[in-house]
Number of protein chains: 4
Amino acid sequence: MPGSTDILAGLSRIGPELEALYRDLHSHPELGHAEHRTSNRVARLLTDCGYDVRDGIGDTGVAGVLANGDGPVVLVRADMDALPIEERTGLSYASATTAPGEGGTPQPVMHACGHDVHVTCLLGAARLMAESRDAWNGTLVALFQCAEETGDGADAMVADGLTDRVPRPEVCLAQHVLPMPAGRVGTRSGPVLSAADNYRITVHGRGAHGSQPQASVDPVVIASMIVVRLQTIVSREIGMLTPAVVTVGSVHAGTNPNNVPESARMEINVRTYDEDTRAKVRAAIERIAKAECAAADTPKPPDIERFGGFPPTVNDEATTGKVARAFARHFGDRATTLDLQTASEDFSEIPKAFGVPYTYWGIGGTDPDQYARAVKNGTLDSDVPVNHSARFAPVVQPTIDTGVRAIVVAAAQWLTRAP
Amino acid sequence: MPGSTDILAGLSRIGPELEALYRDLHSHPELGHAEHRTSNRVARLLTDCGYDVRDGIGDTGVAGVLANGDGPVVLVRADMDALPIEERTGLSYASATTAPGEGGTPQPVMHACGHDVHVTCLLGAARLMAESRDAWNGTLVALFQCAEETGDGADAMVADGLTDRVPRPEVCLAQHVLPMPAGRVGTRSGPVLSAADNYRITVHGRGAHGSQPQASVDPVVIASMIVVRLQTIVSREIGMLTPAVVTVGSVHAGTNPNNVPESARMEINVRTYDEDTRAKVRAAIERIAKAECAAADTPKPPDIERFGGFPPTVNDEATTGKVARAFARHFGDRATTLDLQTASEDFSEIPKAFGVPYTYWGIGGTDPDQYARAVKNGTLDSDVPVNHSARFAPVVQPTIDTGVRAIVVAAAQWLTRAP
Amino acid sequence: MPGSTDILAGLSRIGPELEALYRDLHSHPELGHAEHRTSNRVARLLTDCGYDVRDGIGDTGVAGVLANGDGPVVLVRADMDALPIEERTGLSYASATTAPGEGGTPQPVMHACGHDVHVTCLLGAARLMAESRDAWNGTLVALFQCAEETGDGADAMVADGLTDRVPRPEVCLAQHVLPMPAGRVGTRSGPVLSAADNYRITVHGRGAHGSQPQASVDPVVIASMIVVRLQTIVSREIGMLTPAVVTVGSVHAGTNPNNVPESARMEINVRTYDEDTRAKVRAAIERIAKAECAAADTPKPPDIERFGGFPPTVNDEATTGKVARAFARHFGDRATTLDLQTASEDFSEIPKAFGVPYTYWGIGGTDPDQYARAVKNGTLDSDVPVNHSARFAPVVQPTIDTGVRAIVVAAAQWLTRAP
Amino acid sequence: MPGSTDILAGLSRIGPELEALYRDLHSHPELGHAEHRTSNRVARLLTDCGYDVRDGIGDTGVAGVLANGDGPVVLVRADMDALPIEERTGLSYASATTAPGEGGTPQPVMHACGHDVHVTCLLGAARLMAESRDAWNGTLVALFQCAEETGDGADAMVADGLTDRVPRPEVCLAQHVLPMPAGRVGTRSGPVLSAADNYRITVHGRGAHGSQPQASVDPVVIASMIVVRLQTIVSREIGMLTPAVVTVGSVHAGTNPNNVPESARMEINVRTYDEDTRAKVRAAIERIAKAECAAADTPKPPDIERFGGFPPTVNDEATTGKVARAFARHFGDRATTLDLQTASEDFSEIPKAFGVPYTYWGIGGTDPDQYARAVKNGTLDSDVPVNHSARFAPVVQPTIDTGVRAIVVAAAQWLTRAP
């Protein structure tokens, strides 16, 4: 009975090509919604393998569909975009690319989050699946998403008709390279990535000369009270076993010492791991902002706007269990439990649009010896560059191999009858 | 044309009697509503002088009315009660008196606020007026008020029919002995004594085990936020040239470290000098307490109870001007402008009940040499005992003489045609 | 090869006696340090089984030692004391007992935390071990600890020479009945119970008349600022994946609205799960309290006193793994992972005194049907009474059986060669 | 015996010229340190009258010295600069002037503070004095100060050797046109204008990703705590009868919601009326900022920088009394007591540099009928434009006449022997 082993048989053969592809992608990072070179390359390679390609979804998203007889449909997603960071890895294939920033000034761009690994691995897996059609049945959707870093790529693809442009999958899969030893894969059931929500609060006070506070409603004091009060959400309203963060990242009011300004503006970021807590924190922020404005008798209530942000990523228990068991069989003790991550992702918008379950796992990207030394020296924090660091540089192997294997092994749980 | 000079002619004659009376009153202080010995003595002396006496007004208040032909009615008020303070003046005539306190335990009592001076001076003036009826026309009402220290004596007398029991005056007068040089009299137009209002706020939270704050609505945090927020009333809502104080004198919540309590209670004292500011502060306290409870989503709004307290004393401009000019003529450079006082009084409830103007002035009680030395040494704060101090001990003379003169000179502005 | 199955063979035979013992203990609860009846009963029963008994350790603690040839020494601990709570279970064997409270007033006493279950199960396991000496080798120490609820029983036994009075064990074991379905046992590696630390902070301000705040250093405002500031420990200083709670359970200052008091006192409870976080929170509390006093320029720094409290309970990974695997074999799917508990315990002081590893697990006490209904109705919080509730009433079976089995199975991992 | 009456005899004659001068100055406002046209005009007119002129003092300041025999030296100061405000008075002689602003953009300029009135009146008085030398003895220094609005003009003139370039006066005098009825002059002994001090506080925290507050020291929270804490200076540390304001006019930190920024910056304005309170508030601000940073364990203490600002203007009692009595004789009931002003001035730096006493008074500029209507309607705040308003437009007469008279009458108290 054929299975993932058969599909993966060709991996060593295509390995060198994948490594070259990876280095090329790393050298040519592109910001979200501008992944033109990357998506062209992806579309051409998928076409070459026989995939039916739909591109330009939500700007620069690409989907390749490989129908291989009756059977389940499985969607695997990789994200393509890079970050406005100046690379300091010292790699021979480091990025020297820039993109136009605000006002047209060139800004450096870098694959500092490993999306180049994701693209390479999914293309590798897609090719192996295409080259071993006898080993499986069903349909594989290889989805290359744009603009994950800006939080709006998945939404843009959904808004642009994704669910009508590819077959409805039974399950969605995705992976992320992380600062753990290369070769390792980690799964986690339930909450895995945090939701991130942004709020902008504008406090409307009343300006006055600084010597006449009684003529004012002081938005500086109100904003300060709101900042102070917001601390009680995490300290009092959320239980200690429920992770949540409320960070006021910016506050701005006034232009000089001697006038009470008209208004104050603050921006808040919230991290939670489930929809209940997410809703509870949102309600608390709104309640506190309004009440503090009422305490000061402002001429009108605050404006509270939600913007940007990411949903929580909560892995389906049954789906994750199936994948975790397959990983344990395939990877042995390199298959581990993934720690709860403080980062966020918009991947879950895709299965949500289809109304199907999903699982999202991590693969290691750090040189295992370097990792082991850092653990021994207690210098994990300083010696192992993390995602979004200018020094984030996954080792090419076994990272790429592991990522390809993980996709094939996971997809095979639905697309083959044997493990 | 006769005037105050004629009335005061007998002062030197009755001086020794007044001084003896003062020492006796000082030795026998009585708490508010318990001024039995004092009011009996007052009633008897007024009767002896020919006054028509009404006693037992609002418990222990006494009024003597001396009708002397056609002419204006002038009311002069003195307060009679003492304080639960243990006297430490070292005077030969110091109080050794006690009164039953809470649970029946005896507590020391002392004339630490100088009401004994007030009673003595008004009795002295009343007698001089009675003995010089040719020198003036009209009606003098000598009013001896109970329970000023507890803030309810004037109200009690009004509630007990004061306005029906004495003729309606054209003006009301009162004086207070203060830690300024004896012999001096000070007047002030407009605000002179503060209003004092007490508030009790009960915050209703929700109790929970200390490890489960999410199950609680934490009244300790809410009460703390209210205390912090209340500071902004004086710092932001009241102009810097408008005096106001908001003091949270007590806060109580919880019985042990490990439970979030059900509720918190705080008591607040407010000082203001005019009804507008008084109302503004009251509204702000209520607004802030309610909003902070709303910010925490308490199961119900706070209870806010006003209790005790004193009205502001705001001297009528025309009345005060008339008295101030008369004092300037009579006392020369010993007539000064009185500083705004941080203390409070309920005297103004009496003219308010009659709907008539009033003025309230200060007389010095400190030995002038001691005062001058303290000014020179910069030790006024430590070397000159103030009202309510256990060492407050007005010098008998020229304090008594000055107090009698001040009453007669002021009353004469209405009751005689000459200054 | 004999194992725990052989030892447990007699369980059904002694079951009725154990149930009767449990009901008797439940009817006769005793407060910490006063467990005279309980410890006498324990000592007699241990003696009857052939244990070498040492009693009166740390007041009312009892240890039974059963040496059974060469082999490891295993210590199993049960706690004996009850709580000052009035029982409302409606059970036929409910407590009607009282004990002298403060001032001699009788207060109700109840086994509201299930220590009666713990005593019964350990006595049952001790008897089974004694009656099946052929099935195991080594030494069993059955330790009955006093005064767990007051947090000082384990310390008292250690201070009273426990480590010299029983053989040094290789491992220490303990269990607790919890509001989960009876029949279930839950293990957890690493942190399992929180540390609880209490702090008492006294803020030294300067009193003054309420109208003269400038003469004061206001401890009410300082205490409020400290309460507000303490919220930032959990919201900012501790990561969202690290559980911690800082609760200010009480704050007291002042006696009336009109005086700024001299001082304020607050009591704080802290929950953490590891010594690093525990130390970090302690340092933050001290830093904040001192800095807020410095901000207000208090005449002297605050007094900060630590009192009461419990250490964290952190299960040894290897020990817990060994026990968890044995439970999985014995109990099948009734062996689960225990959730992190917000409660605290002083059990860990005992293995700490010996310098040996330990594991602490939970057994269910709730009727499984009742539990299932509550889950289905979403009424777990209201329908399943928890420890310290006046309605906490473990079902007798399978609670007792499960508790006896768990002890025997766990101890057998060291005392027999077969699982 | 000649006196101010003789000196003022020529006022009606020069009135039309002064009015024309005033309208011309009003049409040609110049910003501080750029008063070139104004100072040239002043210098020429002084020279024409026979004054010995020193110009270019501290940039654009001018002094005219008229020595008239033996006798006291009196310095009278007028300020010359205007404000970057777009005039909206609708006057026929309104300003249409602009000056280069930041980056060279033209900005409108307006005499919105009445310095044109001050210049006109001092030139008028200087001319009358010059034309009536028989009526007085001594020396008049007519000082035209630059850059009062920017707070550095008086300092600049002193730094540029003012005290060596004009004779040392016995007294310094200055006046300001205010929104009170034209024709009125107001004096005040003691504090009259507030000190204004600016502080810039930079809080040094530690930046981190918004989801990792434990890696940060959050300057947004610290700045908020400082703002909240600063409220207690006015509410608790300064007595209610001592005016003081602490306004945080601006606070800025962070650029996006999702990162804890490195630092926060806030700007504070303080108003006080005496050097003791000024120093007390300064010390409290520094103490609070440092302590709040210590409470959060910042990597280094805050930077606290004082910038800009004005000294308090505290009129000498004897000097003010002398002038007030002269005003009462000359102006009758148009001579009043000036209210304490919330504005600030740098005039006092000049007498301070000479070490001599001073007095500073106000003259009315509002149409008396308009003022009376506004009082009657309770619309003073909205209907009477105040200094620095784009609609501030003193009526030409009797404002100019009154200002000239006030200078002459005041100076005559030292320069003539008759009142």
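Since the model is a prediction, treat every value here as computed from it, not as a measurement.

**Q** Please explain the relation of the copies chain C and chain A as it appears in this structure.
**A** Both copies of the chain are related by a screw-like operation: a rotation about an axis and a shift along it. With an RMSD of 0.2 Å, the fit of chain C onto chain A corresponds to turning through 180 degrees and sliding 0.2 Å along the axis. Taken together, these values place the two copies in the relation of a two-fold axis. Taken as a fraction of all interface residues of chain C, those also at the interface in chain A reach 100%, which identifies the copy contact as same-surface.

**Q** What is the right way to look at the packing of helix H3 (residues 36–49) of chain D against helix H4 (residues 115–130) of chain D in this model?
**A** Two measures define how a pair of helices packs: the angle their axes make with one another and the distance between the axes. Residue and element names in this part refer to chain D. Orientation of H3 relative to H4, taken along the N-to-C sense of each, is 15 degrees, at an axis distance of 9 Å. The pairing of H3 with H4 is recorded here as roughly parallel in orientation. In this structure, the crossing between H3 and H4 has a hand that is right-handed. Side by side, H3 and H4 meet where Val42, Leu45, Leu46 and Cys49 of the first sit next to Val119, Leu123, Ala126, Arg127 and Ala130 of the second.

**Q** In this structure, what is going on with the UniProt feature "domain: Peptidase M20 dimerisation" (unreviewed entry) in chain A? I would like to understand it.
**A** Here, the residues flagged by UniProt with the feature "domain: Peptidase M20 dimerisation" (unreviewed entry) are residues 198–294 of chain A. End-to-end, the C-alpha atoms of residues 198–294 of chain A are 23 Å apart, and along that stretch the chain is 40% helix and 32% strand.

**Q** Sorry if this is basic, but what is going on with the relation of the copies chain D and chain A here?
**A** Rotating chain D by 180 degrees about the axis while translating it 0.3 Å along that axis superimposes it on chain A, leaving an RMSD of 0.2 Å. Mapped onto chain A, 100% of the interface residues of chain D again fall at the interface, so both copies present the same surface.

**Q** Teacher, can you tell me more about the sheet that holds strand E14 (residues 263–272) of chain A here?
**A** Each strand in a sheet pairs with another by means of backbone hydrogen bonds, the pair being arranged parallel or else antiparallel. With antiparallel pairing, eight strands are arranged side by side in an open sheet as E15(A)-E10(A)-E14(A)-E12(A)-E12(D)-E14(D)-E10(D)-E15(D). Bordering the open sheet on either side are strand E15 (303–310) of chain A together with strand E15 (303–310) of chain D, each of which pairs with just one other strand. Between one strand axis and the next, the sheet turns through 25 degrees on average, direction left out of account. Relative to E15 of chain A, strand E10 (residues 195–204) of chain A is paired through six bridges, and the arrangement is antiparallel. Opposite alanine 196 of chain A, over in E15 of chain A, you have phenylalanine 310 of chain A as the bridge partner. Contacting strand E12 (244–253) of chain A together with strand E10 (195–204), strand E12 (244–253) and strand E14 (263–272) of chain D, helix H7 (residues 219–237) of chain D crosses the sheet at an angle of about 175 degrees to E12 of chain D.

**Q** What exactly am I supposed to notice about the environment of glutamate 149 of chain A here?
**A** Residue and element names in this part refer to chain A. Position of glutamate 149 among the secondary structure elements: in the loop between strand E6 (138–145) and helix H5 (153–159). A sequence separation of 68 residues divides glutamate 149 from aspartate 81, and the C-alpha atoms of the two residues are 7.0 Å apart. With sequence-adjacent residues up to four places away left out, glutamate 149 is seen in contact with Asp81, Ala82, Leu83, Cys113, His115, Phe310 and His388.

**Q** It is not clear to me how the nonpolar core should be interpreted in this structure. Could you clarify?
**A** Within soluble globular proteins, side chains that are nonpolar tend to cluster in buried spots. Judged by nonpolar contacts, the single largest core of 128 residues is most densely connected at Ile285 of chain A, Ile285 of chain B, Ile285 of chain C together with Ile285 of chain D. Isoleucine 285 of chain A has contacts with Tyr199, Ile201, Leu230, Ile233, Val246, Ile268 and Val270 of chain A, leaving out every residue within four places of it along the chain.

**Q** Where do I start with the interface of chain D and chain A in this structure?
**A** Bring the parts together and some accessible area is lost; that lost area is often taken as the interface size. Counting from both sides, the interface comprises 35 residues of chain D and, opposite them, 35 residues of chain A. Ranking the residues of chain D by area buried against chain A places Gly249, Val251 and Pro257 of chain D at the top, with a combined share of 19%. Seen at the junction of chain D and chain A, the total is zero salt bridges. Put simply, chain D and chain A have 13 residue pairs in polar contact (both at pLDDT 80 or more) between them. If you list the elements that add at least two residues to the side of chain D that touches chain A, you get H7, E12, strand E13 (259–260) and E14 of chain D. Broken down by element, the side of chain D that touches chain A gets its largest block of residues, eight residues, from E12 of chain D. Residue classes in the side of chain D that touches chain A are distributed as 15 nonpolar, 18 polar and two charged. As judged from the three bridges shared by E12 of chain A and E12 of chain D, these two strands associate in the antiparallel manner.

**Q** Even after reading the chapter, I still don't get the pattern of salt bridges, so can you show me in this structure?
**A** Between side chains of opposite charge, pairing is possible as soon as their charged atoms come close. Inspection of every chain in the model, using the stated rule, returns 84 salt bridges over all chains. A salt bridge links aspartate 197 of chain C to arginine 306 of chain C; its shortest N-O distance comes to 3.1 Å. Remark: arginine 306 of chain C occurs in strand E15 (residues 303–310) and aspartate 197 of chain C occurs in strand E10 (residues 195–204); sequence separation between them is 109 residues. The exposure class of aspartate 197 of chain C is buried, given its relative accessible area of 2%. We note a salt bridge from arginine 278 of chain D to aspartate 197 of chain D, for which the minimum N-O separation is 2.8 Å. Of this pair, arginine 278 of chain D sits in helix H8 (residues 275–295) while aspartate 197 of chain D sits in strand E10, placing them 81 residues apart in sequence. Residues joined in a network through salt bridges with shared partners are Arg13, Glu17, Arg127 and Glu131 of chain A.

**Q** Sorry, what's going on with the pairing of strand E2 (residues 61–68) of chain A here?
**A** The two faces of a sheet get side chains in turn, since along a regular strand they alternate between them. Residue and element names in this part refer to chain A. Judged by how many residues are buried, E2 sits mostly within the fold: seven of eight residues are covered. As paired strands, strand E1 (residues 52–57) and E2 are joined by five bridges and run antiparallel to one another. Paired with valine 53 across the bridge in E2 is glycine 64. Here E1 hands over to E2 after three residues, with glycine 58 in that stretch at a positive phi of 60 degrees. Where E2 and E6 come together, seven bridges link them in antiparallel fashion.

**Q** Got a minute to help me understand the UniProt feature "binding site: Mn(2+)" (unreviewed entry) in chain A in this structure?
**A** All names here are of chain A. What UniProt calls "binding site: Mn(2+)" (unreviewed entry) maps, in this numbering, to Cys113, His115, Glu149 and His176. A stretch of 64 residues holds the annotated residues, and the largest C-alpha distance among them is 13.0 Å, short enough that they meet in one place. By secondary structure assignment, the location of cysteine 113 is in the loop between strand E5 (106–108) and helix H4 (115–130). Sequence-distant contacts of cysteine 113, that is, excluding residues within four places in its chain, are made with Leu83, His118, Glu149, His176, Val177, Asn387, His388 and Phe392. Separated by 3.4 Å, the side chains of glutamate 149 and histidine 115 make a polar contact.

**Q** So what exactly am I meant to see when it comes to helix H9 (residues 317–331) of chain D here?
**A** For an α-helix, 3.6 residues make a turn, and residues three or four places apart therefore share a direction. All names here are of chain D. For H9, which comprises 15 residues, the first-to-last C-alpha distance of 20 Å matches the rise-based estimate of 21 Å (1.5 Å per residue) to within 8%. Listed in full, the buried residues belonging to H9 are Thr319, Thr320, Gly321, Val323, Ala326, Phe327 and Phe331. Residues of H9 that are buried in the fold lie against strand E7 (171–181), strand E8 (185–187), strand E16 (313–315), strand E17 (335–337), strand E18 (358–366) and helix H13 (399–415). Looking at where H9 begins, the residue whose side-chain oxygen comes 3.4 Å from the main-chain nitrogen of alanine 318 is aspartate 316. Glycine 332 sits one or two residues past H9 and shows a positive phi near 65 degrees.

**Q** Please explain the pairing of E12 of chain D as it appears in this structure.
**A** Residues and elements named next belong to chain D. Among the ten residues in E12, nine count as buried, and that is most of the element. Note: E12 against E14, eight bridges, orientation antiparallel. Residue pairing in the sheet places valine 245 in a bridge with arginine 271 of E14.

**Q** Would you explain the packing of aromatic side chains in this entry?
**A** All chains considered together, the criterion is met by 20 aromatic pairs over all chains. A centroid spacing of 5.4 Å and a plane angle of 85 degrees characterise the contact between phenylalanine 347 of chain C and tyrosine 358 of chain C, whose relative ring orientation is edge-to-face. Highlighted residues: phenylalanine 347 of chain C in the loop between strand E17 (335–337) and helix H10 (349–354) and tyrosine 358 of chain C in strand E18 (residues 358–366), separated in sequence by eleven residues. In this structure, phenylalanine 347 of chain C and tyrosine 358 of chain C share a single accessibility class: buried. A ring pair is formed by phenylalanine 327 of chain D and tryptophan 361 of chain D, whose centres lie 5.2 Å apart and whose planes are at 85 degrees; its orientation type is edge-to-face. Of this pair, phenylalanine 327 of chain D sits in helix H9 while tryptophan 361 of chain D sits in strand E18, and the two are 34 residues apart along the sequence. Taking relative accessible area as the criterion, phenylalanine 327 of chain D reaches 1% and is therefore assigned buried. Accessibility expressed as a relative area gives 0% for tryptophan 361 of chain D, which makes it buried. Of the aromatic side chains, those joined through ring pairs into one cluster are Phe327, Phe331 and Trp361 of chain A. The residue whose ring lies beneath arginine 200 of chain A is phenylalanine 307 of chain A, and the NZ or CZ to ring-centre distance is 4.0 Å.

Rules behind the numbers
- Residues numbered from 1 in each chain as written.
- Chains lettered and ligands numbered in written order.
- Predicted model: local features only at pLDDT ≥ 70, side-chain atom pairs only at ≥ 80, totals over all residues.
- Heavy atoms only, no water.
- Least-squares fit on C-alpha atoms with pLDDT ≥ 70 in both.
- Contact = heavy atoms within 4.5 Å.
- Axes fitted to C-alpha atoms, helices over the stretch in contact; angles between N-to-C directions.
- Helix = DSSP H or I, 4+ residues; strand = E, 2+ residues; numbered from the N terminus.
- Parallel < 35°, antiparallel > 145°, perpendicular 65-115°, else oblique.
- Left-handed = near helix turned anticlockwise from the far one by under 90°.
- UniProt positions renumbered as here; feature names shortened; annotations may be inferred.
- Pairing = 2+ DSSP bridges.
- Core = buried A, V, L, I, M, F, W, Y, C linked by side-chain atoms within 4.5 Å.
- Buried < 20%, exposed > 50% of the residue type's maximum accessible area, 1.4 Å probe, protein only.
- Buried area = accessible area lost by both parts, 1.4 Å probe.
- Salt bridge = Lys/Arg side-chain N within 4 Å of Asp/Glu carboxyl O.
- Polar contact = N/O pair within 3.5 Å; in protein donor to acceptor, adjacent residues only side chain to side chain.
- Nonpolar A, V, L, I, M, F, W, Y, C, P; charged D, E, K, R; others polar.
- Expected span 1.5 Å × (residues − 1).
- Phe/Tyr/Trp six-rings, centres within 6.5 Å; stacked < 30°, edge-to-face > 60°.
- Lys NZ or Arg CZ within 6 Å of the ring centre and 35° of its normal.

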